[in-house]
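# Structural characterization, general
Okay, here's what each chain looks like letter by letter:
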Amino acid sequence: MNIAILPGDGIGPEIVAEAVKILDALDEPFEMDTADVGGAAYASQGHPLPEPTLRVAKQADAVLFGAVGDWQYDKLPRPLRPEQAILGLRRELALFANLRPAILYPELADASSLKPEIVAGLDILIIRELTGDIYFGQPRGRRSSPDGAFAGADEAFDTMRYTRPEIERIARVAFEAARTRKAVGHPGKVTSVDKANVLETSQLWREVVEDVHADYTELALDHLYVDNAAMQLVKAPKSFDVVVTGNLFGDILSDEAAMLTGSIGMLPSASLDASSKGLYEPSHGSAPDIAGRGIANPLATILSAAMMLRYTFARSESAGRIEAAVQTVLGRGLRTADLMPRGTQAPALQLVGTAEMGDAVVSALRAQ
Ligand code: NAD
């Protein structure tokens, strides 16, 4: 179980250190190699994703990634900006499936902008296809026209494109995830989101998802148009289990789902290749505004490590133990600053820093 540890910039090193503490506490035979990425790698080696870092990431079974980006690098040319590292890793590691759970622990129901009864206990998984769709089609416009044919033209377009194998493999990830979740009490339902009433790509999408479903008849499948899905996510979010969708719709819906929980510091993510190798990272960025102060919430990164155990190492039990330990700590009232309700007196809550939160999760894990 070889893990590449890429802490990155801003709060990245602080939050990744806490996730490593948790992994160490499991007493499993992990091997970890640490490398610079993003602005840190630009500073040390002149490139956000230097060859040695890419090698470490390629050789590992999984990558635990903090975050990249810092204001001091904003003026660099685009290929050298820290954010290019994450795009490069997705491309080089062929990470086509992005998994983003939106979980709202009952203890944090007040953090959501929706009514607690609508979101308390929410636990859904959004699966976004990551390497196809309109972002990778044929763009035409001022900036992307190599022959200059469109230069100055008052027209631009992007082509939305999907192939059967691309849809098949993401659908399979969704059904496999729903099956794994069903084993621990989820409904075992996949909702496929498209725009099949208008788009050819979506009609193919729907047809292929139906075909793959034939291998998973114990799971329910339904289809929603993306506009309706956007509405249902705020109206009745708990009616979803696993949602699978293309790159463009997934980009928007996964952010919408994330905000249902109201706490960006809590949301993990996984990006997987065809053989379950994965890159695991919190959904938030490098938060340069609070970096170095020891106040960042490490839970999204700790929960990303739990996803790593579940999806790359098939250690669902250990993953569940980490998730239960996080819930225990929240239940005891420990909160980093981002989770503190504003403007209310909350005497039962205790404000803690990054390392204290990590230590508390380790203690809860040991006490299980
Ligand atoms: P951000 O997610 O870093 O921060 C948004 C707000 O949330 C900030 O106020 C921050 O303090 C807070 N926040 C984020 N994570 C937190 C945590 N764990 N605990 C407590 N508070 C937290 O987004 P941004 O400010 O738009 O971007 C900052 C930098 O991060 C930029 O350079 C951006 O490009 C980069 N970024 C990187 C990734 C990535 O590495 N995958 C993703 C998004 C943004």
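Reading the values: rules and limits
By convention here, each chain's residues receive numbers from 1 onward along its written sequence. Per-residue local features are limited, in this predicted model, to residues with pLDDT of at least 70; the limit for side-chain atom pairs, both in listing and counting, is 80 or more; totals at the level of whole chains, interfaces and linings are taken over all residues. Only hydrogens and water are removed before side-chain values are computed, so all heavy atoms of the structure are retained for them. A run of H or I in DSSP counts as a helix once it spans at least four residues, and a run of E counts as a strand once it spans at least two, with each numbered from the N terminus. Atoms counted for the radius of gyration: C-alpha only. Globule rule: 2.2 Å times residue count to the power 0.38. For every residue, the accessible area (1.4 Å probe, protein chains only) is compared with the maximum for its type, and the residue is labelled buried under 20%, exposed over 50%, or partly exposed between those bounds. Side-chain atoms within 4.5 Å link the members of a nonpolar core, which is a set of buried Ala, Val, Leu, Ile, Met, Phe, Trp, Tyr and Cys residues. Here the limits of each domain have been adopted from an automatic or database domain assignment. Residues count as neighbours in contact if any of their non-hydrogen atoms are within 4.5 Å of one another. What gets called buried area is simply the loss in accessible area from a 1.4 Å probe that two parts show on being joined, summed for both. For salt bridges, the criterion is a side-chain nitrogen of Lys or Arg within 4 Å of an Asp or Glu carboxyl oxygen. Any N or O atom pair separated by 3.5 Å or less is treated as a polar contact, with the protein-specific requirement of one donor-capable and one acceptor-capable atom, and with residues adjacent in sequence counted only for side-chain atom pairs. Note that Gly is not counted as nonpolar here; it falls among the polar residues with everything else outside the nonpolar set of Ala, Val, Leu, Ile, Met, Phe, Trp, Tyr, Cys and Pro and the charged set of Asp, Glu, Lys and Arg. One bridge is not enough; two strands pair if DSSP finds at least two bridges between them. We call a residue near a given molecule or strand whenever any one of its heavy atoms falls within 4 Å of it. To estimate how far a helix should reach, multiply one less than its number of residues by 1.5 Å. Where helices are involved, their axes are fitted lines through C-alpha atoms of the stretch in contact, as for all axes, and angles between N-to-C directions lie from 0 to 180°. Handedness of a helix crossing follows the sense of rotation of the near helix relative to the far helix, less than a right angle counterclockwise being left-handed and clockwise being right-handed.

### Quick notes on the overall build of the chain
- Counting its regular elements, the chain contains twelve helices and twelve strands.
- Taken over C-alpha atoms, the radius of gyration comes to 21 Å for the chain, in line with the 21 Å a tight globule of 368 residues would show.
- C-alpha atoms of the chain, sized along the principal axes, occupy 60 × 50 × 45 Å.
- A buried classification covers 51% of the 368 residues belonging to the chain.

### Some remarks on the nonpolar core
- Counting 85 residues, the largest nonpolar core has Leu99 and Ile127 as the members making the most contacts within it.
- The biggest single contributor to this core is helix H10 (residues 299-311), with nine residues.
- Taken domain by domain, this core gets at least three of its residues from each of domain 1 (1-96 + 274-368) and domain 2 (97-272).
- The residues contacting Leu99, other than those within four sequence positions of it, are Leu125, Ile126, Ile127, Val173, Pro268, Ser269, Ala270, Leu272, Met307 and Tyr311.
- Val37, Leu54, Val56 and Leu93 belong to the second largest nonpolar core, which has 18 residues in total.

### Quick look at the domain arrangement of the chain
- Domain boundaries in the chain define domain 1 (1-96 + 274-368) and domain 2 (97-272).
- Centre-to-centre separation of domain 1 and domain 2, based on C-alpha positions: 23 Å.
- Counting residues at the interface gives 29 residues for domain 1, matched by 29 residues for domain 2.
- Counting the surface lost from both domain 1 and domain 2, the interface buries some 2400 Å², and carbon and sulfur atoms represent 64% of this.
- Taken together, the connections running from domain 1 to domain 2 amount to zero salt bridges.
- If you look at where domain 1 meets domain 2, you find nine residue pairs in polar contact (both at pLDDT 80 or more).
- Where the side of domain 1 that touches domain 2 is concerned, the elements lending two or more residues are strand E10 (278-282), H10 and helix H11 (316-331).
- A breakdown of the residues in the side of domain 1 that touches domain 2 according to their chemical character gives 14 nonpolar, nine polar and six charged.

### Here we look at the pairing of strand E3 (residues 62-67)
- Where burial is concerned, most of E3 is hidden: six out of the six residues are buried.
- When strand E1 (residues 2-8) meets E3, the two strands line up parallel, connected through five bridges. Its bridge partner lying in E3, Ile5 is registered against Leu64.
- Relative to E10, E3 is paired through three bridges, and the arrangement is parallel. Note on E10: the bridge partner recorded for Leu64 is Tyr280.

### Details of the site of the ligand
- Taken together, 19 residues form the shell around the ligand, and within it Val68, Glu83, Gly285, Ala287 and Asp289 come nearest.
- Contacts to the ligand include Gly285, whose backbone N or O atom sits 2.7 Å from an oxygen atom.
- Between the ligand and Asn297 there is a distance of 2.9 Å, counted from a nitrogen atom to a backbone nitrogen or oxygen.
- Split into classes, the residues belonging to the shell around the ligand amount to nine nonpolar, five polar and five charged.

### So, the environment of Gln84
- By secondary structure assignment, the location of Gln84 is in helix H4 (residues 84-92).
- Its relative accessible area of 25% is what places Gln84 among the partly exposed residues.
- For the pair Gln84 and Ile11, spaced 73 residues apart in the sequence, the C-alpha separation amounts to 18 Å.

### Section: helix H1 (residues 12-25)
- Between the first and last C-alpha of H1 there are 20 Å, a value that for 14 residues agrees with the 20 Å anticipated at 1.5 Å per step.
- Of all 14 residues that make up H1, ten are buried, and the element is covered over most of its length.
- Of the positions making up H1, those classed as buried are Gly12, Glu14, Ile15, Val16, Glu18, Ala19, Val20, Ile22, Leu23 and Ala25.
- After H1 finishes, the residue Asp27 shows a positive phi value of roughly 55°.

### Quick look at the sheet that holds strand E4 (residues 97-103)
- Judged by pairing direction, the sheet is mixed, and its ten strands sit side by side in the order E2-E1-E3-E10-E9-E4-E5-E8-E6-E7 without closing on themselves. Each of the sheet's edge strands pairs with one partner strand only, and the pair in question is strand E2 (31-34) and strand E7 (220-225). Pairs of neighbouring strands in the sheet enclose a mean axial angle of 20°, with direction left out of account.
- H4 rests against E1, E3 and E10 of the sheet, and its axis sits at about 155° to E10.

### Thoughts on the packing of H11 against helix H12 (residues 354-366)
- Where H11 meets H12, the closest approach of the two axes is 8 Å, and the angle between their N-to-C directions is 115°. Judged by the twist between their axes, the crossing of H11 over H12 is right-handed. Residues Arg321, Ile322, Ala325, Val326, Thr328 and Val329 of H11 pack against Met357, Ala360, Val361, Ala364 and Leu365 of H12.
- Here the contact of H11 with H12 is built from residues that sort into nine nonpolar, one polar and one charged.

### Here we look at the pairing of strand E8 (residues 242-245)
- Burial along E8 is two-sided: the residues Val242 and Val244 and Val243 and Thr245 are all buried.
- As defined by bridge partners, strand E5 (residues 123-129) adjoins E8 across four bridges and the pair is classed as parallel. Across the sheet, the residue bridging to Ile126 is Val243, located in E8.
- Here four bridges tie strand E6 (residues 189-194) to E8, and the two strands are oriented parallel to one another. Bridge pairing links Ser192 to Val244 in E8.

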